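The residues making up each chain are set out below.
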Amino acid sequence: MKFFLDTASLEEIAAATSWGALAGVTTNPSLYARVGGRLQDFHEHIQRICALVPGPVSAEVTAEDTDTMVVQGRELAALASNVVVKVPLTAAGLAATRALTNEGIAINMTLCFSVPQALLAARAGARYVSPFVGRFDDISEDGLEQLANIVNAISNFDFSDCGPNGQSVEVIAASIRNPNHVTQAALIGADIATVPFDVLKKCVEHPLTTKGLRAFEKDWEKVKQA
Ligand code: G3P
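Overview of the structure. Being a predicted model, the structure only gives us computed values, none of them experimental.

## Some details on the overall build of the protein chain
When helices and strands are tallied, the protein chain shows 11 helices and 8 strands. Expressed as a percentage of the 226 residues in the protein chain, the buried residues total 46%. Restricting to contacts in the protein chain with at least 6 residues of sequence separation, those with at least 24 account for 59%.

Here it is, written out as structure tokens:
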């Protein structure tokens, strides 16, 4: 499983990139608002992220009708070679995905909550489909079970004739809220988990790692004084 960072923060992206394990970034309008983003700076901000990340960067359209999604998608795709256009999983979004895919633009279909939605995204040519785990948990449903169903259903079929360049769809486990979501997404076989920076930090840390380090430090003091 690959790790994407789910953020629009340049500082978080720079830090996670330095750890050497980051394969991409996903953003959305809420994440851009969270870093104090302004409309007039949006495209430049996406370009800055793209320059920092050695992999795909999802940037989301904000329109809800197909024609405007396609216009916004073309604008976003022109910003950098590693932009992936994020499109919501609606009927209008499916039509925009097919149109943009036909132009060779990579699409991440977001706000996916069901197997049929995921299959339709794959058939429309999406390069990535993003089931949301945590938002199911928020409404007392099992987000990991839904993710497992989607990963299993997608793995039953060949979608390589649907997207550009024969590339098949990859499942991004999104709305990840804790390290257990990361563990379970990997065991389920999600291709990618897109993880907020605070969760990624928790994934690195383990109390036994810290305890072991303190013991090594203490014993090394004894060695130095022997
Ligand atoms: O990529 C978007 C998705 O991860 C959102 O997560 O925590 O807002 O449900 P969340």
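## Observations concerning the pattern of salt bridges
Following the criterion strictly, the structure yields 10 salt bridges and no others. In this structure, Glu-221 engages Lys-224 in a salt bridge whose closest nitrogen and oxygen atoms are separated by 3.2 Å. Residue Glu-221 and its partner Lys-224 are located together in helix H11 (residues 207–225), separated by 3 residues, close to a single helical turn. Members of the salt-bridge network, linked through shared partners, are Lys-2, Arg-127 and Glu-170.

## Things to note about the pairing of strand S2 (residues 22–26)
Counting buried residues along S2, 4 of its 5 residues qualify, which places the element largely inside the surrounding structure. Sheet topology places strand S1 (residues 2–6) next to S2; 4 bridges connect them, and they run parallel. Following the sheet pairing, Leu-5 is matched in S2 by Val-25. Taking the sense of rotation as the criterion, the β-α-β connection linking S1, helix H1 (residues 10–18) and S2 turns out right-handed. Sheet topology note: the S2/strand S3 (residues 57–60) ladder contains 2 bridges and is parallel. Residue pairing in the sheet places Val-25 in a bridge with Val-57 of S3.

## Some details on helix H3 (residues 42–52)
Turning to H3, its buried residues are Phe-42, His-45, Ile-46, Ile-49 and Cys-50. All buried residues of H3 fall inside an arc of 140° around its axis, so they share one side. For H3, the elements touching its buried residues are H1, S2, helix H2 (29–34), S3, helix H4 (66–77) and strand S4 (83–88).

## Thoughts on the side chain of Ser-58
Residue position: Ser-58 is located in strand S3. Among all residues touching Ser-58, those that are not within four sequence positions of it are Val-25, Thr-26, Thr-27, Val-84, Lys-86 and Asn-108.

## A few points about the site of the ligand
Taken together, Asp-6, Asn-28, Lys-86, Phe-132, Arg-135, Ala-174, Ser-175 and Arg-177 make up the full set of residues adjacent to the ligand. One of the side-chain N or O atoms of Arg-177 is found 2.8 Å from an oxygen atom in the ligand. Its free accessible area being 310 Å², the ligand has 86% of it covered by the protein chains. Under a 2 Å grid-point criterion requiring more than half of the atoms, the pocket assigned to the ligand is the largest pocket. Each residue belonging to the shell around the ligand can be placed in one class, and the counts come to 2 nonpolar, 2 polar and 4 charged.

## Considerations on the layout of surface pockets
Rolling a probe over the atoms, with the probe sized like a water molecule, indicates the empty space that remains. Estimated volume of the largest pocket: approximately 410 Å³. Taken together, 24 residues line the largest pocket, and the ones lying closest to its centre are Asp-6, Asn-28, Leu-31, Arg-34 and Pro-196. Along the lines of polarity and charge, the residues of the lining of the largest pocket split into 9 nonpolar, 8 polar and 7 charged.

## Digging into the packing of H4 against helix H5 (residues 91–102)
Taken N-terminus to C-terminus, the directions of H4 and H5 make an angle of 45°; their axes are 9 Å apart at the nearest point. Judged by the angle between their axes, H4 and H5 are oblique. Our pair here, H4 against H5, has a crossing hand that is right-handed. Each of Thr-66, Met-69, Val-70, Gly-73 and Arg-74 in H4 lies in contact with H5, whose residues at this interface are Ala-92, Gly-93, Ala-95, Ala-96, Ala-99 and Leu-100. For the contact of H4 with H5, a count of residues per class yields 7 nonpolar, 3 polar and 1 charged.

## Comments concerning the sheet that holds S1
Taking strand neighbours around the barrel as the criterion, the 8 strands line up as S1-S2-S3-S4-S5-S6-S7-S8 in a closed arrangement whose pairing is parallel. Neighbouring strand axes in the sheet, compared pairwise and without regard to direction, differ in orientation by 25° on average. Running over the sheet, H3 touches S2, S3 and S4 and is turned about 170° from S3.

## Re the pairing of strand S5 (residues 107–112)
In terms of burial, S5 is a largely internal element, 5 of the 6 residues being buried. In the sheet, S4 pairs with S5 via 4 bridges, with the strands oriented parallel. Bridge pairing in S5 links Val-87 to Met-109. Handedness of the crossover is the feature at issue here: the chain leaves S4, passes through H5, returns alongside S5, and the resulting connection is right-handed. The pairing of S5 with strand S6 (residues 128–131) spans 3 bridges and is parallel. Across the sheet, Asn-108 pairs through a bridge with Tyr-128, a residue of S6. Note on the crossover from S5 through helix H6 (residues 115–123) to S6: the handedness is right-handed.

The rules behind each value
Residues numbered from 1 in each chain as written. Predicted model: local features only at pLDDT ≥ 70, side-chain atom pairs only at ≥ 80, totals over all residues. Heavy atoms only, no water. Helix = DSSP H or I, 4+ residues; strand = E, 2+ residues; numbered from the N terminus. Buried < 20%, exposed > 50% of the residue type's maximum accessible area, 1.4 Å probe, protein only. Contact = heavy atoms within 4.5 Å. Salt bridge = Lys/Arg side-chain N within 4 Å of Asp/Glu carboxyl O. Pairing = 2+ DSSP bridges. Right-handed = clockwise from strand over helix to strand, strands pointing away. Arc of directions from axis to C-beta. Near = heavy atom within 4 Å. Polar contact = N/O pair within 3.5 Å; in protein donor to acceptor, adjacent residues only side chain to side chain. Areas by Shrake-Rupley, 256 points an atom, 1.4 Å probe, with all protein chains shown as cover. 1 Å grid on protein atoms, 1.4 Å probe; cavity = no way out; pocket = protein on both sides within 12 Å on 5 of 7 lines; lining within 4 Å. Sits in = over half its atoms within 2 Å of the grid points. Nonpolar A, V, L, I, M, F, W, Y, C, P; charged D, E, K, R; others polar. Points joined across faces, edges and corners; volume = space filled by probe spheres on them. Axes fitted to C-alpha atoms, helices over the stretch in contact; angles between N-to-C directions. Parallel < 35°, antiparallel > 145°, perpendicular 65-115°, else oblique. Left-handed = near helix turned anticlockwise from the far one by under 90°.

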